[in-house]
Amino acid sequence: EITKNMNTGMKNYGAEGFEGVTTTWDLVQKELHCCGVETFADWKNATETFKDGAVPDSCCKGGQAEGCGKAPVDQEKIYTEGCFSLFSDEFNSNLTIVGAVALGIAVGELIAIGFACCLGKRVGRGGAYV
């Protein structure tokens, strides 16, 4: 499902009214050092702009340089790995951290419940806690 949505987003890259899609793809490719969904060749089927084998300039190693993604593409100068696998790895590694934090909060809540029960028992016996 995610790859399907990513491929749909690629089709809107550079289109009028879809500036957010273009900006997002550029940001993801620059930050994750990737190009396309599974591989840089995905751009070939995405839009007419890249039909000749070109890729967005955000796929270029060393930063986004004007025209560096034009065909014929030098694979030494662009990121060839797809973004989905890198995004998936990043998500999974962060998921472990989020899970650990959630577990820690749950344990803290259980301890607080235990203290509340003990305090409630003491108040219930004497009528007032002193």
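The rules behind these values
- Residues numbered from 1 in each chain as written.
- Predicted model: local features only at pLDDT ≥ 70, side-chain atom pairs only at ≥ 80, totals over all residues.
- Heavy atoms only, no water.
- Core = buried A, V, L, I, M, F, W, Y, C linked by side-chain atoms within 4.5 Å.
- Buried < 20%, exposed > 50% of the residue type's maximum accessible area, 1.4 Å probe, protein only.
- Contact = heavy atoms within 4.5 Å.
- Salt bridge = Lys/Arg side-chain N within 4 Å of Asp/Glu carboxyl O.
- Helix = DSSP H or I, 4+ residues; strand = E, 2+ residues; numbered from the N terminus.

Caption draft 1: Highlighting the nonpolar core. Counting residues in each nonpolar core, the largest one holds 19 residues, and the members touching the most others are Met10, Trp25, Cys35, Trp43, Val55, Cys59 and Ile78. Apart from the residues lying within four places of it in its own chain, the contact partners of methionine 10 are Trp25, Gly36, Val37, Asp42, Trp43, Ala46 and Thr47.

Caption draft 2: Expanded view of the pattern of salt bridges. According to the stated counting rule, one finds one salt bridge in the structure shown. Among the salt bridges present, the one from lysine 51 reaches glutamate 48, with a minimum N-O distance of 3.9 Å. Accessibility expressed as a relative area gives 53% for lysine 51, which makes it exposed. Glutamate 48 gets classed as exposed once you look at its relative accessible area, which sits at 63%.

Caption draft 3: Looking closely at the environment of lysine 121. Structurally, lysine 121 can be placed in helix H3 (residues 83-126). Residue class for lysine 121 comes out exposed when judged on its relative accessible area of 58%. Each C-alpha atom of the pair lysine 121 and leucine 95 lies 39 Å from the other, and the pair is 26 residues apart in sequence.

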